[in-house]
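Coordinates in review
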Amino acid sequence: MPPVSSSPSSPSPLSRDLVVAALRTAGCVFAEDEAGLILGAARTPDELAAMVDRRVTGLPLELVLGWAEFRGLRIAVEPGVFVPRRRTEFLVEQALAHAPDASVVVDLCCGSGAVGAALAAALGRVELHAADIDPAAVRCARRNVAPFGGEVHAGDLFAALPDSLRGRVGILAANVPYVPTEEVGLLPAEARDHEPLVALDGGADGLDVLRRVAAEAPNWLAPGGCLLVETSERQAPTALEAFTRSGLSARPVVSEELYATVVVGLNQAGSQT
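Residues numbered from 1 in each chain as written. Predicted model: local features only at pLDDT ≥ 70, side-chain atom pairs only at ≥ 80, totals over all residues. Heavy atoms only, no water.

**A look at the overall build of the protein chain**
Here is the rule we go by: Secondary structure elements follow DSSP: runs of H or I of four or more residues count as helices, runs of E of two or more count as strands, with numbering from the N terminus. C-alpha atoms define the radius of gyration, and 2.2 Å times the number of residues to the power 0.38 defines the globule rule. Each residue's exposure class comes from its accessible area (1.4 Å probe, protein chains only) as a fraction of the maximum for that residue type: buried when under 20%, exposed when over 50%, partly exposed otherwise. Residue contacts are counted whenever heavy atoms from the two residues lie within 4.5 Å of one another. Here, Shrake-Rupley sampling with a 1.4 Å probe gives the accessible areas, and only protein chains in the shown set may cover a residue. A residue counts as positive if it is Lys or Arg and as negative if it is Asp or Glu; His and the chain ends are not included. Every charge is mapped to an atom, namely NZ of Lys, CZ of Arg, CG of Asp or CD of Glu.
Secondary structure assignment for the protein chain yields 10 helices and nine strands. Against the globule reference of 19 Å for 273 residues, the protein chain gives a C-alpha radius of gyration of 20 Å, in line with a compact fold. Within the span of the protein chain, comprising 273 residues, buried residues form 52% of the whole. Looking at the protein chain alone, contacts between residues at least 24 apart form 63% of all its contacts between residues at least 6 apart. Accessible area for the protein chain stands at about 12,700 Å²; split by element, carbon and sulfur atoms hold 52% of it. Distance between charge centroids for the protein chain: 3 Å, based on 22 positive and 34 negative side chains.

Here's what the structure looks like:
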């Protein structure tokens, strides 16, 4: 559709009905909800028109707004950074269930830092570290974990972390890329066209990064600490093998409501359980 305009030649600023109509015509399923969010965020009529234009041309709503809601937090997001999914809230819930007293938290492959921020918000005073290989993600995550005193490190998985964390991590959350390479092209356009490939492509079977994380995790987990990784239900059996091969006691947990599968691995070495 043609760009939405609120120029001086327009009879009046965009009304809610016009915004809803524009979004609906562009195929936005939740046009009324999105219109409310955009209208609430726009500070001027021109900004409103620009935001609607960006949305109707396919920019994800979260990038139009500049934030995504995640477990009640407003997580800052920006172009080129993976947008946190609601299903990943299940990973956070499982982390809190398995390690409610964790004092050291690591958010690996952190993207925007949403998982680390949500864990810190729930746990209270924790030592929070996050890491990502993508500089854009590192910049974004620093904004989101700063209110919780978190540190964000740039680098490839564990190589980014300070050695002082070895053997001390109570929760190691790793929202690794897990889309098989040949299936990346089948993703919705909002992900395929606007999110970094490094945050999506998990290799031939989607589990390349997961295997690397599982293999090294026991060196970083405290006794009784847990590793949590999101994956697909189809991939879960292979992911479990990678966890158990590294010496972790592992099991899958599934949320049918959120269409989420998380593999949880416990480091029982030295623990009392």
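**Some points on the nonpolar core**
Rules: Throughout this description, the term nonpolar core refers to a set of buried Ala, Val, Leu, Ile, Met, Phe, Trp, Tyr and Cys residues connected via side-chain atoms within 4.5 Å.
One finds Leu119, Ile171 and Leu228 to be the most contacted residues of the largest nonpolar core, which totals 33 residues. At the level of elements, α5 (89–98), α6 (114–123), β4 (127–132), α7 (135–145), β6 (169–174), β7 (221–231) and β9 (260–266) are the ones that each hand at least two residues to this core. In terms of residue count, α6 provides more of this core than any other element does, six residues in total. In this structure, Leu119 is in contact with Val92, Ala95, Leu96, Val105, Ile171 and Ala173, ignoring residues within four places of it in sequence. Among the nonpolar cores identified, the runner-up in size contains 29 residues, and Val106, Ala131, Val229 and Phe243 belong to it.

**Here we look at the pairing of β4**
Heads up, the condition is: For two strands to be treated as a pair, DSSP must find at least two bridges joining them. When the strands point away from the viewer and the path from the first strand over the helix to the second turns clockwise, the crossover is right-handed.
Where burial is concerned, most of β4 is hidden: five out of the six residues are buried. Here five bridges tie strand β3 (residues 104–108) to β4, and the two strands are oriented parallel to one another. Note that in β4 the partner of Val105 across the bridge is Leu128. Traced from β3 through α6 to β4, the parallel crossover comes out right-handed. Across four bridges, the pairing between β4 and strand β5 (residues 151–154) is parallel. Bridge pairing in β5 links Ala130 to Val152. You can see the chain leave β4, run along α7 and come back into β5, and the turn it takes is right-handed.

**Focus on the packing of aromatic side chains**
What describes a pair of aromatic rings is the distance from one ring centre to the other and the angle between the planes of the rings. Counted only if it meets this: Ring geometry is summarised as follows: Phe, Tyr and Trp rings, the Trp one being its six-membered ring, pair when their centres sit within 6.5 Å, and such pairs are stacked at plane angles under 30 degrees, edge-to-face over 60 and tilted between the two. Lysine NZ or arginine CZ positioned within 6 Å of the ring centre and within 35 degrees of the ring normal marks a charge as sitting over the ring.
Following the criterion strictly, the structure yields one aromatic pair and no others. Ring centres of Phe158 and Trp220 lie 5.6 Å apart, and the angle between their planes is 20°; this geometry places the pair in the stacked category. Of the two residues, Phe158 sits in the loop between β5 and β6 while Trp220 sits in the loop between α9 (208–216) and β7, which places them 62 residues apart along the sequence. Just above the ring of Trp67 sits the side chain of Arg74; from NZ or CZ to the centre is 3.8 Å.

**What to know about the packing of helix α1 (residues 16–25) against helix α3 (residues 45–56)**
Convention followed: Between N-to-C directions, angles cover 0 to 180 degrees, with each direction set by a line fitted to C-alpha atoms, over the stretch in contact for helices. These descriptions rest on fixed angle ranges, namely under 35 degrees for roughly parallel, over 145 for roughly antiparallel, 65 to 115 for roughly perpendicular, and the rest for oblique. Less than a right angle of anticlockwise turn of the near helix away from the far helix marks a crossing as left-handed, whereas a clockwise turn marks it as right-handed. Each residue receives one of three labels: charged for Asp, Glu, Lys and Arg, nonpolar for Ala, Val, Leu, Ile, Met, Phe, Trp, Tyr, Cys and Pro, and polar for the others, Gly being one of them.
Taken N-terminus to C-terminus, the directions of α1 and α3 make an angle of 15°; their axes are 9 Å apart at the nearest point. On the basis of the axis angle, α1 is roughly parallel to α3. Between α1 and α3 the crossing geometry is right-handed. Mapping the contact onto sequence places Val19, Ala22 and Leu23 in α1 and Leu48, Val52, Arg55 and Val56 in α3. Here the contact of α1 with α3 is composed, by residue class, of six nonpolar, no polar and one charged.

**So, the confidence of the model for the protein chain**
For residues with low pLDDT, the predicted coordinates do not support detailed interpretation. What counts here: Residue-level confidence of the predictor is summarised by pLDDT, bounded by 0 at the bottom and 100 at the top.
Per-residue confidence for the protein chain gives a mean pLDDT of 90, with 94% of residues at or over 70. Below pLDDT 50 for its whole length, residues 6–11 participates in four contacts with residues either more than four positions away or in separate chains.

**Some points on the environment of Val83**
Here Val83 shows up in the loop between β2 (73–76) and α5. Separated by 22 residues in sequence, Val83 and Leu61 place their C-alpha atoms 10.0 Å apart. Among all residues touching Val83, those that are not within four sequence positions of it are Glu62, Leu63, Ala68 and Glu195.

**Digging into α5**
Where burial is concerned, most of α5 is hidden: seven out of the 10 residues are buried. Turning to α5, its buried residues are Glu89, Phe90, Leu91, Val92, Gln94, Ala95 and Leu96. Those residues of α5 that are buried are in contact with β1 (67–70), α6, β6, β7, β8 (249–255) and β9.

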